[in-house]
Amino acid sequence: MHVVEYVTAAVDPAAVAAGRDVLLDGMVAPVSTIPVRGFPGSADPYRVGVTAYPGGGVLRGTDRDVLRVADGVVYLPSVYTTEGEFAEQYRACLLRVRELLSPLRLGLDALVLTTDYTATATRASYPRCGRPRRELLGDGPVHPGAAGILVDVPLAPGAMVALDAVAATGPLHAVNPGWARYDTLTYQPAAVAGRHVFGSGFGALDPVTQTAVHGGDLLAQAAFVYGNIAAVFGAAGGAETVSLLEYVTPDAVAAYPRLAELRADYFPGAVVTSVVCDALLRPEFLIEVVPRGLLPERAAA
């Protein structure tokens, strides 16, 4: 259905392409390429994540425009551009996502999750993303989940933003346990499409005071993050957390194995993908977690 390549700077792009051809073996699937600093406790230069669905879903488009749709979820490839300044590139990425969705007669209001990858040097400029998001995503009523990760190896020279997005074909609704900070933002703690729950990136940020908490303490930050994910997925209708994508900073790598027991207490059945990024948008953050959940059939109905 969807292939995610996590690629370090040590990997030759030609080798990535060759490995992709072997993996897909003639199948056409949307591919997201995520530049990362590395993987906790490993010297691997390259890893692959795969989302599968019985029968493979429905193919839409070909080559770089390929989409796949399964159970109402639309998987897209990574998008980026090398033209323009930071905010212009961000806008261009959103417009490209809109273009990809148009053959399905969907717009940006169908998005359930956006993840953007920008360089550490653009951290001060990152708030400029708010304007194109506000103009193109509108005032809701449903905004997607969102995450912003800092990586210093661009997908192409001059590309300051890479954007990954997931959309849905059916009705959406947002999930918010009552945190007022989201009232003025262009994303929500989670978005629900059918039985699927797409969480935003969760860091150790108090949702009421908007201050970072537990600076320098990875275990405490993770406990805070996991608790907030559990609260949001509970508010969604008791969603089971089925996967976690955990971005950790270089300063967190040594302590990262200590999270295994804590994570298992909160999410015993979740599949976990762990990557090392260069930094996170709040300098105090050591970890950001992007969860995905599945509602019981009775709750989805």
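Computed from a predicted model, the values in this text were never measured in an experiment.

Section: the overall build of the protein chain
In step 1: Looking only at helices and strands, the protein chain has six helices and 17 strands in total.
In step 2: A compact globule built from 301 residues would reach a C-alpha radius of gyration of about 19 Å, and the protein chain, at 18 Å, matches this within 12%.
In step 3: The C-alpha extent of the protein chain, read off along each of the three principal axes, is 45 × 45 × 40 Å.
In step 4: Expressed as a percentage of the 301 residues in the protein chain, the buried residues total 50%.
In step 5: Roughly 13400 Å² of accessible area belongs to the protein chain as shown, and the carbon and sulfur atoms make up 53% of that amount.
In step 6: For the protein chain, the distance from the average site of its 22 positive side-chain charges to the average site of its 30 negative ones is 4 Å.

Remarks on the sheet that holds strand S2 (residues 31–35)
In step 1: Across the sheet, three strands lie side by side as S2-S1-S3; this open sheet has mixed pairing. The open sheet terminates on both sides in strands that have one partner only, identified here as S2 and strand S3 (46–51). Within the sheet, the average angular offset between the axes of one strand and its neighbour, ignoring direction, is 20°.
In step 2: Here strand S1 (residues 2–7) pairs with S3 via six bridges, running antiparallel. When the sheet's bridge partners are listed, His-2 is paired in S3 with Thr-51.
In step 3: Its contacts with the sheet place helix H1 (residues 13–24) against S1, S2 and S3, and it is angled at close to 150° to S1.

Looking at the sheet that holds strand S17 (residues 287–294)
In step 1: Read from one edge to the other, the open sheet built from six strands follows the order S11-S12-S13-S17-S14-S15, with strand pairing classed as mixed. The two strands at the open ends of the sheet, each matched to only one other strand, are strand S11 (172–175) and strand S15 (271–276). Here the average twist between neighbouring strands, direction ignored, is 20°.
In step 2: Bridge count between strand S14 (residues 240–248) and S15: six bridges; the pairing is parallel. The residue bridging Leu-244 from the neighbouring strand is Val-272, located in S15.
In step 3: Contacts from helix H4 (residues 218–235) reach S11, strand S12 (190–193), strand S13 (196–199), S14 and S17, with the element oriented near 25° to S17.

Quick notes on the pairing of strand S10 (residues 161–168)
In step 1: For S10, a buried count of eight out of eight residues is recorded, marking the element as mostly surrounded by other parts of the structure.
In step 2: Side chains Val-161, Leu-163, Ala-165 and Ala-167 of S10 all project onto a buried face; the interleaved residues Ala-162, Asp-164, Val-166 and Ala-168 project onto the opposite face, where all are buried too.
In step 3: Here strand S6 (residues 73–75) pairs with S10 via three bridges, running antiparallel. Residue pairing for S10: Val-73 is matched across the bridge by Ala-168.
In step 4: Examined bridge by bridge, strand S7 (residues 79–80) and S10 share two bridges and lie antiparallel to one another. Bridge assignment links Tyr-80 to a residue of S10, and that residue is Ala-162.
In step 5: Across seven bridges, the pairing between strand S8 (residues 111–118) and S10 is antiparallel. Each residue of the ladder has a partner; that of Leu-113, found in S10, is Val-166.

Scoring rules and cut-offs
Residues numbered from 1 in each chain as written. Predicted model: local features only at pLDDT ≥ 70, side-chain atom pairs only at ≥ 80, totals over all residues. Heavy atoms only, no water. Helix = DSSP H or I, 4+ residues; strand = E, 2+ residues; numbered from the N terminus. Rg over C-alpha atoms; globule rule 2.2 N^0.38 Å. Buried < 20%, exposed > 50% of the residue type's maximum accessible area, 1.4 Å probe, protein only. Areas by Shrake-Rupley, 256 points an atom, 1.4 Å probe, with all protein chains shown as cover. Lys, Arg positive; Asp, Glu negative; His and termini not counted. Charge placed at Lys NZ, Arg CZ, Asp CG, Glu CD. Pairing = 2+ DSSP bridges. Axes fitted to C-alpha atoms, helices over the stretch in contact; angles between N-to-C directions. Contact = heavy atoms within 4.5 Å.

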